[in-house]
Amino acid sequence: TEEFGPRIDISGGSFSRRDSSLSVDLPLSDTLKTKFTAASLYRDGFVDSLSVNRSWGDINDTMVRADVLWEPSETFSARFVAERSDVDRWGPPRVLLEMGDPVYDPVTGINSNPRAQAYANIGRPFTNLTHTAGYPGGQVGEYQNRSTWEGRGLRVDLDRYTLDLNWSLNDALSFRSITGYREHYRTAQTDFDAADISFIERDFRSKGNQLTQELQLIGSYDRLSWVGGLFFFDDTDNSRTWTWVAPEFRDPALRAQALAGGLGVTPASVAVPPNTLDALNRVETDGWALFGDVSYDLTDK
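Reading the values: the criteria
- Residues numbered from 1 in each chain as written.
- Predicted model: local features only at pLDDT ≥ 70, side-chain atom pairs only at ≥ 80, totals over all residues.
- Heavy atoms only, no water.
- Helix = DSSP H or I, 4+ residues; strand = E, 2+ residues; numbered from the N terminus.
- Rg over C-alpha atoms; globule rule 2.2 N^0.38 Å.
- Buried < 20%, exposed > 50% of the residue type's maximum accessible area, 1.4 Å probe, protein only.
- Contact = heavy atoms within 4.5 Å.
- Areas by Shrake-Rupley, 256 points an atom, 1.4 Å probe, with all protein chains shown as cover.
- Lys, Arg positive; Asp, Glu negative; His and termini not counted.
- Charge placed at Lys NZ, Arg CZ, Asp CG, Glu CD.
- Pairing = 2+ DSSP bridges.
- Polar contact = N/O pair within 3.5 Å; in protein donor to acceptor, adjacent residues only side chain to side chain.
- Core = buried A, V, L, I, M, F, W, Y, C linked by side-chain atoms within 4.5 Å.

Colleague: Looking at this structure, how should I read the overall build of the chain?
Modeller: In terms of helices and strands, the chain carries three helices and 15 strands. The C-alpha radius of gyration computed for the chain amounts to 29 Å, which surpasses the reference 19 Å derived for 301 residues by more than 25%, pointing to a less compact arrangement than a globule. Each principal axis of the C-alpha distribution contributes one length, and for the chain these read about 90 × 45 × 40 Å. Counting the 301 residues in the chain, one finds 31% classified as buried. Contacts in the chain between residues far apart in sequence, at least 24 positions, make up 64% of those at least 6 positions apart. Carbon and sulfur atoms form 55% of the exposed surface of the chain, whose accessible area is close to 17,700 Å². Of the side-chain charges in the chain, 30 are positive and 44 negative, and the distance between the mean point of each set is 4 Å.

Encoded structure:
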């Protein structure tokens, strides 16, 4: 705005929720206006682990932003926005909803859940009673799990920059340029089974950047108006994903113990990748477009 003015917003709530934001309009001259914003969002998690001191579903985010508008004349304006946001959370509030309990049929020799039975055979029961959240008569509450994951969880660092330029060439024609640039770093560590076993767990990391550019020519004459332009983007992303699938059964002794326990456990039940699955990817994407739009008002209505 053209006048100095701060604004503060504060919110509170359950699970120690504390949200706050501060923004300040700071005009530096008749032609140069600025606005600065900072915000913080905080909340404790609401799904508790029975195995480690951790709660999931938390929020711990921050954001800062600078917005600068320069209008040196009636025919030109430039607006630059720079923003940094940080997400730092333990991760999504996962619980085990339901599973096929180990049920062994001695006639057919088949178990409804042989992998779960394999864990039971090595002394690590994995059933609805021991692990399913809110199961009637079970050991885990509705908003609880048995996850032992203590990694970083979800972390996102994002920097964004935008430059918007507008020229009025004459009364009927104007030109606009919109430039955007973004850099990101993201790590997402996920315990899919939400349990104290390593049934399936994943660690994902990515880093990349994106550049976009749009050029517009905007005009009008009498009842006719139009816009035409060019858009292109260039995006690069590097990522790496580690996945663990039942690594307990890489141990020959535990694998043999699971098989010796029987009850439907077969070699296929304990067949797991010999190593951590490791996927490394680099993706480069670019594209462009030409566009145009013409409108004609047949009448004043």
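Now that the structure is up, let's keep going.
Colleague: Could you clarify how one ought to interpret the sheet that holds strand 4 (residues 47–49) in this entry?
Modeller: Sheet strands associate in pairs through backbone hydrogen bonding, adopting either a parallel or an antiparallel arrangement. If you walk across this open sheet you meet the three strands as 5-4-10, and the pairing is mixed. Of all strands in the sheet, those with a lone pairing partner are strand 5 (55–56) and strand 10 (144–145), marking the two edges. Across two bridges, strand 4 lies against strand 10 in parallel orientation. Across the sheet, Ser49 pairs through a bridge with Asn145, a residue of strand 10.

Colleague: Would you take a moment to explain helix 3 (residues 252–260) for this structure?
Modeller: Given 3.6 residues per helical turn, the α-helix brings residues three or four places apart onto the same face. At the N-terminal end of helix 3, a side-chain oxygen is found 2.9 Å from the backbone nitrogen of Ala253, two or three residues along, and the residue is Asp251. Within two residues after helix 3, Gly262 carries a phi angle of roughly 65°, on the positive side.

Colleague: I'm lost on the pairing of strand 1 (residues 5–13) in this one. Help?
Modeller: Two faces belong to every sheet, and in a regular strand the side chains alternate between them. Little of strand 1 sits out of view: just zero of its nine residues are buried. Following strand 1, the chain reverses through three residues before pairing antiparallel with strand 2 (residues 17–27); Phe15 in that reversal takes a positive phi of roughly 55°.

Colleague: How should I be thinking about the nonpolar core in this particular structure?
Modeller: One broad rule of soluble globular proteins: the nonpolar side chains tend to lie buried together. Ala118, Tyr119, Phe126, Phe249, Ala258 and Val270 are the most contacted members of the largest nonpolar core, which totals 15 residues. Among the elements that take part in this core, helix 1 (residues 114–121) stands out by supplying three residues, more than any other. Residues contacting Ala118, with those up to four places away along its chain left out, are Phe249, Ala258, Val265 and Val270.

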